[in-house]
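Below are the chains, spelled out letter by letter.
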Amino acid sequence: MRYGPPECKECLALGQYWTRLLACLTCGWVACSDDSQGGHAKAHYQETDHPVAAALGPRSTWRWCYVHRRTV
């Protein structure tokens with residue numbers, strides 16, 4: 001269970017900043033988007049094969065499928 005605002009743990013460990021955060025729709029992992037310095041959400045997909053991530057934010061409906069490389 002997570003407390004506090006969402007964050008990219010990898011960016012925090014490296015002292016990096018993120019542009020946008022994405023949540024894995026398979027396991028809930030939160031990581032930075034591809035347009036961020038680290039691109040940790042894509043790295044999560046490459047490590048786990050969890051294919052779809054959603055943008056975190058108020059009223060956001062944006063979702064990305066890494067398998068098909070398109071919004072869904």
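Just above, that's the structure.
Residues numbered from 1 in each chain as written. Predicted model: local features only at pLDDT ≥ 70, side-chain atom pairs only at ≥ 80, totals over all residues. Heavy atoms only, no water.

**Student:** Sorry if this is basic, but what is going on with the overall build of the protein chain here?
**Tutor:** A tally of regular secondary structure across the protein chain gives two helices and five strands. Reading the secondary structure of the protein chain in the N-to-C direction produces α-β-β-α-β-β-β. Relative to the compact-globule value of 11 Å for 72 residues, the protein chain shows a C-alpha radius of gyration of 11 Å, a close match. Projected onto the principal axes, the alpha-carbon positions of the protein chain cover approximately 30 × 25 × 25 Å. Split into buried and exposed, the 72 residues of the protein chain put 32% on the buried side. Element-wise, carbon and sulfur atoms account for 53% of the exposed surface of the protein chain, whose accessible area totals about 5,000 Å². Looking at the protein chain, you have 8 positive and 6 negative side-chain charges, and the mean spots of the two groups are 9 Å apart. (Helix = DSSP H or I, 4+ residues; strand = E, 2+ residues; numbered from the N terminus. Rg over C-alpha atoms; globule rule 2.2 N^0.38 Å. Buried < 20%, exposed > 50% of the residue type's maximum accessible area, 1.4 Å probe, protein only. Areas by Shrake-Rupley, 256 points an atom, 1.4 Å probe, with all protein chains shown as cover. Lys, Arg positive; Asp, Glu negative; His and termini not counted. Charge placed at Lys NZ, Arg CZ, Asp CG, Glu CD.)

**Student:** Which parts of the structure should I look at to understand the pattern of salt bridges?
**Tutor:** Here the idea is simple: oppositely charged side chains can pair when their charged atoms come close. Inspection of every chain in the model, using the stated rule, returns two salt bridges. Taking the shortest distance from any N to any O, the salt bridge between glutamate 7 and lysine 9 comes out at 4.0 Å. Owing to a relative accessible area of 30%, glutamate 7 belongs among the partly exposed residues under this scheme. With a shortest N-O distance of 3.8 Å, aspartate 35 and arginine 20 are connected by a salt bridge. Of this pair, aspartate 35 sits in the loop between β2 (30-32) and α2 (40-48) while arginine 20 sits in the loop between α1 (9-14) and β1 (21-24); the two residues are 15 residues apart in sequence, bridging distant segments of the chain. Under the relative-accessibility criterion, arginine 20 is labelled partly exposed at 30%. (Salt bridge = Lys/Arg side-chain N within 4 Å of Asp/Glu carboxyl O.)

**Student:** What is the right way to read the environment of leucine 56 from this model?
**Tutor:** Inspection of the secondary structure puts leucine 56 in the loop between β3 (52-55) and β4 (63-65). Since its relative accessible area comes to 35%, leucine 56 is described here as partly exposed. Between the alpha carbons of leucine 56 and arginine 20 there is a distance of 7.6 Å; along the sequence they are 36 residues apart. Sequence-distant contacts of leucine 56, defined by excluding residues within four places in its chain, comprise Pro6, Leu21, Leu22, Ala23 and Val30. (Contact = heavy atoms within 4.5 Å.)

**Student:** Mind showing me how you'd approach the nonpolar core here?
**Tutor:** Taken as a class, soluble globular proteins show a tendency for nonpolar side chains to be buried jointly. If you look at the biggest cluster of nonpolar residues, it comprises 13 residues, and the most contacted ones within it are Cys8, Leu22, Ala41 and Tyr66. Contributing elements (two or more residues each) for this core: β1, β2, α2 and β3. Sequence-distant contacts of leucine 22, that is, excluding residues within four places in its chain, are made with Trp29, Val30, Ala31, Ser33, Ala41, Ala53, Ala54, Ala55, Leu56, Trp62 and Tyr66. (Core = buried A, V, L, I, M, F, W, Y, C linked by side-chain atoms within 4.5 Å.)

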